[in-house]
Amino acid sequence: MSTRTLSDSTFTHIIDVQADKVDIAEWLFTLPEAEFQQCCPPDHVTVGVGTGAGGRPMSIGVEQIGKTLLIHHYIGEVVAPHHCRMVSTSDAVTPDGRTTVQATWELRAEATDDGRCTITNRLMLTPTGDYFAFLDGHGITYEDAADTATAAAADHNRRETPGFAASIARRASTPNGRHAMDSVPAAKIRNGDSAAGPDGEAAKAVVRRNTEEVQGGGDYAVFDELFADDFVDHTPQPGRSPDKDGARLLYHALRAAFPDFHAEIHWQTVDGDVVTTYKTYHGTHRGAFMDIAPTGREVAFETVDAMRVHDGRIVEHWGVANLYSLMKQLG
């Protein structure tokens, strides 16, 4: 990891709750999507939880900072009631293309002299080797990139910190220990057992069919059934067109490279007609992939994506996969 820093932003907010009632770790790992979105609209997109290497807790977050969409895969280095320190090699989707950054997120709760609690929210971004290569490839100086990142992160953190603090206070003040916006337990929301209504459940079923029958089963008749002819991919893979043909070719390429390609869906949420899915793809590298000859290695990598469903068909897609992890596994 680089010793240089793209941005390092810290903001605080005082809440009218005693510190001994605050449990940041419990708040973080039960945070519902709707509550997360309310903390910093419109920057916050979605959130979920998982398990990282060695069983360590993972927080998955998708947020917009400036003009960059960041997909975090935070692993807990410190997970305690008054201090959480999370680290992630985060995917960054910029107007110039995709890259990665190292993100370190810290939350602290400290008692004040008057019996209240100070919440400190710190976000530090550092460049990866991939990031330096990205800058070189696009003719961007590191100084310009750091200036942009510093300004964007400070603006985001300034608006986000009071929202996080208020949410932590609500959680600490709720007698039953639930988030104020919970209508059902958070675990049920992440498992898809939410009050989404029949239309929302039908939309999730469409996305699940694509994951299981098309991506996992290679059934392209189902692909033609599920994808609208005017489908638009807002985050196409390099070299792929942002339409239905591009998506079909991508699925063919993945299954050619990983014949046993399949996904484990961890959770789905639905907001209106947009379904967000967090999943882990698995496969064995039997064919060429991104100019890498077959290695025979078994791989796994996470993806967060959002699909808009209209009249039973997928019409739009946004998503980022943890390709940094995949490429490391392929050597």
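Residues numbered from 1 in each chain as written. Predicted model: local features only at pLDDT ≥ 70, side-chain atom pairs only at ≥ 80, totals over all residues. Heavy atoms only, no water.

### Some points on the sheet that holds strand β7 (residues 117-127)
Reading across the sheet, the seven strands line up as β1-β7-β6-β5-β4-β3-β2 and stay open at both edges, with antiparallel pairing between neighbours. The open sheet has two edge strands, β1 (7-15) and β2 (44-51), and neither has a second partner. Sheet twist, expressed as the average angle between the axes of neighbouring strands with direction ignored, equals 20 degrees. Two elements, strand β5 (residues 83-94) and strand β6 (residues 97-111), share twelve bridges in a ladder whose sense is antiparallel. Counterpart to Arg85 in the pairing with β6 is Glu106. Packed on one face of the sheet, helix α4 (residues 142-173) meets β1, β2, β3 (57-65), β6 and β7 and runs near 20 degrees to β1. (Pairing = 2+ DSSP bridges. Helix = DSSP H or I, 4+ residues; strand = E, 2+ residues; numbered from the N terminus. Axes fitted to C-alpha atoms, helices over the stretch in contact; angles between N-to-C directions. Contact = heavy atoms within 4.5 Å.)

### What about the pattern of salt bridges?
Under the counting rule described, the total for this entry stands at 23 salt bridges. Across the pair Arg159 and Asp155 runs a salt bridge, and its minimum N-O distance is 3.1 Å. Of this pair, Arg159 and Asp155 both sit in helix α4, four residues apart, roughly one helical turn. Arg159 sits in the partly exposed class, given a relative accessible area of 29%. For Lys244, the salt bridge identified is with Asp224, shortest N-O distance 3.9 Å. In this pair, Lys244 is assigned in helix α8 (residues 244-257) and Asp224 in helix α7 (residues 220-226), connecting sequence segments 20 residues apart. (Salt bridge = Lys/Arg side-chain N within 4 Å of Asp/Glu carboxyl O. Buried < 20%, exposed > 50% of the residue type's maximum accessible area, 1.4 Å probe, protein only.)

On their own, these measurements won't tell you what the molecule is for.
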